[in-house]
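Working through the structure, step by step
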Amino acid sequence: MPELPEVETVRRGLAPVMEGRRILSLEVRRPDLRFPFPEGFAARLAGCRIAALDRRAKYLLMRLEGREGQGPQAVILHLGMSGSFRIETGAAAQEAARSPGAFHHPRAKAAAHDHVVFHMEGGMRVTYNDPRRFGFMVMADAADPFSHPLLAGLGIEPLGNELAPERLAQVFAGRSVSLKAALLDQKRIAGLGNIYVCEALWRAGLAPDAPASVLADAAGRPTAGAARLAEAIRSVLTEAVAAGGSTLRDHIQADGSLGYFQHTFAVYDREGAPCPRCGAPVERMVQNGRSTFFCAACQRPAPARGKKRRP
DNA sequence: CGGCATACCTGCAAGC
DNA sequence: TGCTTGCAGGTATGCC
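Scoring rules and cut-offs
Residues numbered from 1 in each chain as written. Chains lettered and ligands numbered in written order. Predicted model: local features only at pLDDT ≥ 70, side-chain atom pairs only at ≥ 80, totals over all residues. Heavy atoms only, no water. Pairing = 2+ DSSP bridges. Helix = DSSP H or I, 4+ residues; strand = E, 2+ residues; numbered from the N terminus. Axes fitted to C-alpha atoms, helices over the stretch in contact; angles between N-to-C directions. Buried < 20%, exposed > 50% of the residue type's maximum accessible area, 1.4 Å probe, protein only. Contact = heavy atoms within 4.5 Å. Near = heavy atom within 4 Å. Polar contact = N/O pair within 3.5 Å; in protein donor to acceptor, adjacent residues only side chain to side chain. Nonpolar A, V, L, I, M, F, W, Y, C, P; charged D, E, K, R; others polar. Salt bridge = Lys/Arg side-chain N within 4 Å of Asp/Glu carboxyl O.

Considerations on the sheet that holds strand E8 (residues 136-140)
Ordered in space as E2-E3-E4-E8, the four strands form an open sheet in which the pairing is antiparallel. In this open sheet, the two strands that pair with only one neighbour each are strand E2 (49-56) and E8. If you compare each strand with its neighbour and ignore which way they point, the axes differ by 25° on average. Of the pairings in the sheet, the one linking strand E3 (residues 59-65) to strand E4 (residues 73-78) comprises six bridges and is antiparallel in character. Across the sheet, the residue bridging to Tyr-59 is His-78, located in E4.

Take a look at the structure:
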């Protein structure tokens, strides 16, 4: 599930259970996810208090306060394609959970692909589940976690003040790569994935296969399209976060609730359905090996896509 | 460096 | 029904 809105939804779901609380112990049930777990991972986290749970792009950043004789640490987490967290009340919290309105997750049994379990102070269990194991957890320098190689090269944070037409023009000026591929490149703008790139380009009325250079004029100033795109990215992400993200393929949020932004998709996974703006059928094409959904009527300029033209 | 394909891994739906 | 195929929200890597 995880593009920026889904990761932010996860962060908000986990924060009340994890921030300010101590990790009593950590169960790590396999040696690796996408990458091997760091040396002594479980032992290094056990006993630490989680000072903060932050997000950068699609990454979660867990800041830990050290135990006696051990300095502060930070953990970088990524959900990959299929990672999710689930919060459960442990035995110690069962009693409290019976009170009306108390937090309680409907699922309580261990499931397949539960790879990591955080046993939290207060009795909550936070379980990381990831069937495809494209996610990962690595440790970073607590003093400067953003200098970690995974985070150092990330581009514009789209929910921050940085997202402006001028910055888009600056980052994409002169690029021949398609808008679709450019927006998926986390080194330029970070946090968008296949869904929200498709949706943002539709909102902005920009063709996915137009070169990224259309966002800047010859002098490097932002075009009207850049202005529309900046607003489109901001609006689609903000609305998606407010909706609790998008829930696809049975993924659920950490608190057991479902995101509902998927009901708002204009084009993503809607091939053949009418474009909400003009009614033309939504089309699908493959770019860089991934599906792009778009409205050929609304999204211009659209260079020829290799279709044969009659003379 | 830019641009593209491939690899990683499992589950699911569609097609035969 | 059962098998095969293709596709899925991600990033890293290696090749031209």
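Some words on the pairing of strand E6 (residues 114-120)
The buried fraction of E6 is high, at six of seven residues. Relative to E6, strand E1 (residues 23-28) is paired through five bridges, and the arrangement is antiparallel. Counterpart to Leu-26 in the pairing with E6 is Phe-118. Here E6 pairs with strand E7 (residues 124-129) via five bridges, running antiparallel. Of the residues in E7, the one forming a bridge with Asp-114 is Asn-129. Where E6 folds back on E7, the antiparallel hairpin that results is connected by three residues, among which Gly-122 adopts a positive phi of roughly 100°.

Regarding the environment of Leu-154
Considering the arrangement of structural elements, one finds Leu-154 in the loop between helix H4 (149-152) and helix H5 (165-172). Its relative accessible area of 14% is what places Leu-154 among the buried residues. The residues touching Leu-154, leaving out its near neighbours within four places in the chain, are Arg-56, Ala-57, Tyr-59, Gln-186, Lys-187 and Ala-190.

Focus: the protein's contact with DNA strand C
Near DNA strand C, the surroundings consist of 23 residues, among which Leu-150, Leu-248, Tyr-268, Arg-290 and Ser-291 are the closest. Protein-adjacent atoms of DNA strand C, using a 4 Å cutoff, are sugar or phosphate at a proportion of 55%. Arg-132 is positioned with one of its side-chain polar atoms (N or O) 3.2 Å from a base nitrogen of DNA strand C. In the model, a phosphate oxygen of DNA strand C is placed 2.3 Å from a nitrogen or oxygen of the Tyr-268 side chain. At the level of secondary structure, the elements contributing two or more residues to the surface near DNA strand C comprise helix H7 (194-204) and strand E10 (290-294). Looking at the surface near DNA strand C residue by residue, the classes come out as ten nonpolar, seven polar and six charged.

Comments concerning the pattern of salt bridges
Opposite charge on two side chains makes pairing possible when the charged atoms of those side chains draw close. Counted by the stated rule, this structure contains 17 salt bridges. Arg-55 is paired through a salt bridge with Glu-157; the nearest N and O atoms lie 2.9 Å apart. Of this pair, Arg-55 sits in strand E2 while Glu-157 sits in the loop between H4 and H5, and the two are 102 residues apart along the sequence. Look at Arg-55 and you get buried, because its relative accessible area is 17%. You can call Glu-157 buried: its relative accessible area is 14%. Salt-bridge contacts for Lys-187 lead to Asp-185; the nearest nitrogen and oxygen are separated by 3.5 Å.

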